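Listed below, chain by chain, are the residues.
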Amino acid sequence: METLCRNSTHSSEVSKGLGRMFYLVNPQDSVFETQKEVPNFYVQSWPYFFTFLILEHIILKLQGKKGIRLNDGITSISNGLLLETGRLLWRGGEAYLYTWIYTNWRLLELPWDSTVTWLLAAVGVDFFYYWMHRACHEVHVLWAHHQVHHTSEDFNMGVGIRQSVLQGWCGFIFYLPLALAIPPAQFLVHHQFSYLYMFWIHTETIKSLGPLEYILNTPSHHRIHHGSNPYCIDVNYGGVLILWDKLFGTFRAEREEDRIVYGLIYQQPSFNPLHLQTYYTRYVMQKYKSFDSWKHKLQAVLDRPSWKPGNTIRFRDMEEDPAIHAQVKYNVILPKWCTAYLLTHYGLILYGFHQLFLYNSELPTTTVAILVLYIFASLIIFGMILDASPKAPFYEALRCLSLVLVVKLVVPLSSSLELLYVLSGVFWLSYVGAYSEIKGLKLD
């Protein structure tokens, strides 16, 4: 009987977790009085993310299409891990101002456990997401961070995880009007639910959702948003509801004849998450420094990404260059042994992140910071390996050997894992001496 009850409880939790991916939630199951009570639904949903990715890959293959590229998929996951690992350091600090405004300046006292409050929060979060998302595309300095999400030349559910480390800090200001009425806990719940919903709409496996296309943001609408064709620029900003785009004139439906080219207009392809997170910020700074007048300097930062002095034509209004359809996607083919090695060590880092997520509140802040930095460094070095960077073997040897020192200082590690890392480090040191770099085939 006890086993049956446990199985029933587990099945119920799995069902609720699956429902959250589609915003199918019983309000009374997701109302909390304080912020501290709000679970991290997003990280709890990573098993669903991986399950959906596997299913999407299988369906793509059955449809006769190319599946999810391993290097591109890992890059998407790495960028998502950078964001979530970073949050273990700042521990919800990006929501501090929201809480302060609600505590000191709220105009309405809405009951935290009311279904009406829950619904108002859902609509409010989605409305201000539209404006945040729109600003991130139309204000250059904000685009410098949001562009990370658009760097993939593919369109699959992995792209839903690919986010900027600073996206939360840059975006929270747009939600602050909600703090005048919506309790912080309700805001945090729906902020997570909206991103869970937006994960699965990044796919080419679903052509249409029928009548729901009129109301909801769907894979069809979001495919247009991720294109780099002129007709795809500055449209379909909605999160859960597409109604905001129809109301504010930014909606564009997908058409049968559309040949969408995914990725960026100003593309610097790489599988290194550090490069993807930072290169466009350097570009904005260079553009800022290239002008002499303060007016132009400010416009270079605050105007639309395509702004130039004297240029009044937006990119979206230009004729499409047929050459974009002949572009070859950036790709690096690694030796099979290297791919197997990478998957093994990537799995260990995923496991390490999961353990850190579960127990970070019990660890000293210094220990958490050291482990977060180690995960950051690991993900960046994995990206260098995927790029077949000449510096990757040396840095990977350093990463493996340094872990032995890290665990001696902060957390215990099994002797078998310690041996694995020592042998890996010695292997890469010898590899550097023999070959100097990974023999990968680059296609771009």
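If you look the chain up in an unreviewed UniProt entry, it shows as Alkylglycerol monooxygenase from Bombyx mori. In UniProt, the chain has this text filed under Cofactor (unreviewed entry): "Fe cation". Of the chain, the UniProt comment under Catalytic activity (unreviewed entry) reads exactly: "1-O-(1,2-saturated-alkyl)-sn-glycerol + (6R)-L-erythro-5,6,7,8-tetrahydrobiopterin + O2 = a 1-(1-hydroxyalkyl)-sn-glycerol + (6R)-L-erythro-6,7-dihydrobiopterin + H2O".

A.B. asks: Would you mind showing me how to read the overall build of the chain here?
C.D. replies: Scanning the chain from N- to C-terminus turns up 17 helices and two strands. For a compact globule of 444 residues, the expected C-alpha radius of gyration is about 22 Å, and the chain comes in at 23 Å, within 12% of that figure. Summarising its shape, the C-alpha atoms of the chain cover approximately 65 × 65 × 50 Å along the three principal directions. Counting the 444 residues in the chain, one finds 51% classified as buried. Counting only contacts in the chain whose residues sit at least 6 apart along the sequence, the fraction spanning at least 24 positions is 76%. Split by element, the accessible area of the chain, about 21,600 Å² in all, is 65% carbon and sulfur.

A.B. asks: Help me understand the nonpolar core in this model?
C.D. replies: In summary, soluble globular proteins display a tendency toward joint burial of nonpolar side chains. Membership of the largest hydrophobic core comes to 98 residues, with the highest contact counts inside it found for Phe187, Phe199 and Ile385. Of all the elements, helix H15 (residues 365–386) adds the most residues to this core, at 12 residues. For Ile385, the residues in contact, after removing those within four places along its chain, are Leu334, Cys338, Leu342, Ala392, Glu396 and Ile438. Membership of the second largest hydrophobic core comes to seven residues, among which are Ala144, Leu264, Tyr280 and Val284.

A.B. asks: I'm lost on the UniProt feature "domain: Alkylglycerol monooxygenase C-terminal" (unreviewed entry) in the chain in this one. Help?
C.D. replies: Within the UniProt annotation, "domain: Alkylglycerol monooxygenase C-terminal" (unreviewed entry) is assigned to residues 339–417. Secondary structure across residues 339–417 divides into 81% helix and 0% strand, with the first and last C-alpha atoms of the span separated by 19 Å.

A.B. asks: For this particular structure, what's the right way to read unusual backbone geometry?
C.D. replies: It is generally the case that most residues other than glycine have a negative phi and that most peptide bonds are trans. Even without glycine at this site, Tyr23 takes up a positive phi of about 65°. Of note, Tyr23 is situated in the loop between helix H1 (2–21) and helix H2 (41–44). The buried category is assigned to Tyr23, whose relative accessible area is 15%. The backbone of Asp234 shows a phi angle near 60°, a positive value even though the residue is not glycine.

A.B. asks: So what exactly am I meant to see when it comes to helix H5 (residues 96–105) here?
C.D. replies: All of the buried residues in H5 are Tyr98, Thr99, Ile101 and Tyr102. Down the axis of H5, the sector holding all buried residues measures 165°, keeping them to one side. Exposed residues on H5 whose side chains face more than 90 degrees from its buried face are Tyr96, Thr103 and Trp105. The elements touched by buried residues of H5 are helix H9 (184–200).

A.B. asks: Before we go on, may I ask you to explain the packing of aromatic side chains in this structure?
C.D. replies: Given two aromatic rings, one states the distance between the centres and the angle between the planes to describe the pair. In this structure the tally under the stated criterion is 43 aromatic pairs. With a centroid separation of 6.4 Å and an interplanar angle of 45°, the aromatic rings of Phe32 and Phe41 are classed as tilted. Each member of the pair, Phe32 together with Phe41, is buried. A ring pair is formed by Phe41 and Phe193, whose centres lie 5.3 Å apart and whose planes are at 40°; its orientation type is tilted. Placement of Phe41 in helix H2 and of Phe193 in helix H9 is noted, with a sequence separation of 152 residues between them. Of the residues examined, Phe193 reaches a relative accessible area of 0% and is grouped as buried. One aromatic cluster in this structure is built from Phe22, Tyr42, Trp46, Phe49, Phe50, Phe52, Tyr197, Phe199, Trp200 and Phe353. Its end group placed over the ring of Tyr102, Arg106 keeps NZ or CZ at 4.5 Å from the ring centre. Stacked on the ring of Phe251, the Lys or Arg Lys246 has its end atom at 5.0 Å from the ring centre.

A.B. asks: I keep staring at the UniProt feature "transmembrane region" (unreviewed entry) in the chain and nothing clicks. Help me out?
C.D. replies: With numbering aligned to this structure, UniProt lists the feature "transmembrane region" (unreviewed entry) at residues 166–189, 338–357, 363–385 and 419–438. Spanning residues 166–189, this segment combines 46% helix with 0% strand, and its end C-alpha atoms are found 20 Å apart. Annotation note: span residues 363–385, helix share 91%, strand share 0%, distance between end C-alpha atoms 31 Å.

A.B. asks: Whenever I open this one, the packing of helix H6 (residues 115–138) against H9 confuses me. Can you help?
C.D. replies: Angle between the axes and distance between the axes: these two values describe a pair of packed helices. Two elements in contact, H6 and H9, have axes separated by 9 Å at closest approach and are oriented at 60°. Regarding the angle of H6 to H9, the classification is oblique. Handedness of the crossing formed by H6 with H9: right-handed. Taking contact as the criterion, the partners of Thr117, Trp118, Ala121, Ala122, Val125, Tyr129 and Met132 in H6 are, on H9, Gln186, Phe187, His190, His191, Phe193, Ser194, Tyr195 and Met198. When the residues that make up the contact of H6 with H9 are grouped by side-chain class, the tally is 10 nonpolar, five polar and no charged.

A.B. asks: Even after reading the chapter, I still don't get the state of the cysteines, so can you show me in this structure?
C.D. replies: Evaluation of the coordinates by the stated rule reveals zero disulfides. Residue Cys232 stays outside any disulfide, its sulfur separated by 19 Å from that of Cys136, the closest cysteine.

A.B. asks: Please explain the pattern of salt bridges as it appears in this structure.
C.D. replies: Side chains that differ in sign of charge can pair as their charged atoms come close. Throughout the structure, instances matching the rule amount to 13 salt bridges. With a shortest N-O distance of 2.8 Å, Glu396 and Arg399 are connected by a salt bridge. With Glu396 and Arg399 both in helix H16 (residues 392–409) and three residues apart, this pair spans about one turn of that helix. In terms of burial, Glu396 and Arg399 fall into one category: buried. Each of Arg69, Asp72, Asp154, Arg162 and Lys329 takes part in salt bridges that share partners, so that together they form one network.

Cut-offs used in this document
- Residues numbered from 1 in each chain as written.
- Predicted model: local features only at pLDDT ≥ 70, side-chain atom pairs only at ≥ 80, totals over all residues.
- Heavy atoms only, no water.
- UniProt positions renumbered as here; feature names shortened; annotations may be inferred.
- Helix = DSSP H or I, 4+ residues; strand = E, 2+ residues; numbered from the N terminus.
- Rg over C-alpha atoms; globule rule 2.2 N^0.38 Å.
- Buried < 20%, exposed > 50% of the residue type's maximum accessible area, 1.4 Å probe, protein only.
- Contact = heavy atoms within 4.5 Å.
- Areas by Shrake-Rupley, 256 points an atom, 1.4 Å probe, with all protein chains shown as cover.
- Core = buried A, V, L, I, M, F, W, Y, C linked by side-chain atoms within 4.5 Å.
- Arc of directions from axis to C-beta.
- Phe/Tyr/Trp six-rings, centres within 6.5 Å; stacked < 30°, edge-to-face > 60°.
- Lys NZ or Arg CZ within 6 Å of the ring centre and 35° of its normal.
- Axes fitted to C-alpha atoms, helices over the stretch in contact; angles between N-to-C directions.
- Parallel < 35°, antiparallel > 145°, perpendicular 65-115°, else oblique.
- Left-handed = near helix turned anticlockwise from the far one by under 90°.
- Nonpolar A, V, L, I, M, F, W, Y, C, P; charged D, E, K, R; others polar.
- Disulfide = S-S within 2.5 Å.
- Salt bridge = Lys/Arg side-chain N within 4 Å of Asp/Glu carboxyl O.

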